[in-house]
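Overview (structure and organization)
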Amino acid sequence: MKRLMMVLMLTLLALVGCKQSNPMTELLNYKGSYIGDNAAVGHIIERLPAHEYLDGFELQTSQEPYGITINYKNFDEATIELEDGSTSKVSLNEILQSNSMMILSLVKNAEIVSFNIENQETITFDRATLSKTYGNTLDSISEDLSSLQNFIKSYAHK
């Protein structure tokens, strides 16, 4: 009987472990992170759209306002996979703005997100300007899984 229970448990664990999750929904695991947590910020960036173009990042933690600079190889658009398995192509500008909003929603003390795109000017977004433009949207993006999915869908289907 013990052997049968053990086989059933291992089978169940294997099946549960095989379920694939969407990297973007895994972002919620890092909600409440701080700019000084290099590993958490790295995990966030690695799960954002256009992560395949990532060419490193730097944290600015020596003085406020704290910030993140993300370096990308050159690209014009990126493909986003939605929770239902469908995909959508999103322009560079939409990706950068949306990525900055998700980062600012997840990383409590981040105030500035800058993007260095290979052979282009640096593009910067700050919490104050985005909050003024979009209101409470920044706080609500990562409120729960449904909020995050709705935010992703909102810019993926423009």
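Here's a quick rundown of the structure. Just so you know, these numbers come straight off a predicted model, no measurement behind them.

What counts, and where the lines are drawn
Residues numbered from 1 in each chain as written. Predicted model: local features only at pLDDT ≥ 70, side-chain atom pairs only at ≥ 80, totals over all residues. Heavy atoms only, no water. Axes fitted to C-alpha atoms, helices over the stretch in contact; angles between N-to-C directions. Helix = DSSP H or I, 4+ residues; strand = E, 2+ residues; numbered from the N terminus. Parallel < 35°, antiparallel > 145°, perpendicular 65-115°, else oblique. Left-handed = near helix turned anticlockwise from the far one by under 90°. Contact = heavy atoms within 4.5 Å. Nonpolar A, V, L, I, M, F, W, Y, C, P; charged D, E, K, R; others polar. Core = buried A, V, L, I, M, F, W, Y, C linked by side-chain atoms within 4.5 Å. Buried < 20%, exposed > 50% of the residue type's maximum accessible area, 1.4 Å probe, protein only.

**What about the packing of helix 3 (residues 92-106) against helix 6 (residues 145-156)?**
Between helix 3 and helix 6, whose axes approach to 11 Å, the crossing angle comes to 165 degrees. With respect to their mutual orientation, helix 3 and helix 6 come out roughly antiparallel. Considering how the two elements wind past one another, helix 3 and helix 6 form a crossing that is right-handed. Here helix 3 contributes Glu94, Ser98, Met101 and Met102 to the contact with helix 6, which in turn contributes Leu148, Phe151, Ile152 and Tyr155. Looking at the contact of helix 3 with helix 6 residue by residue, the classes come out as six nonpolar, one polar and one charged.

**Considerations on the nonpolar core**
Grouped together as the largest cluster of nonpolar side chains are 41 residues, with contacts concentrated most on Ile80 and Met102. Considering each element in turn, this core owes the most residues, eight residues, to helix 3. Beyond its immediate sequence surroundings of up to four residues, methionine 102 is in contact with Met24, Leu27, Leu48, Pro49, Ile141, Leu148, Phe151, Ile152 and Tyr155.

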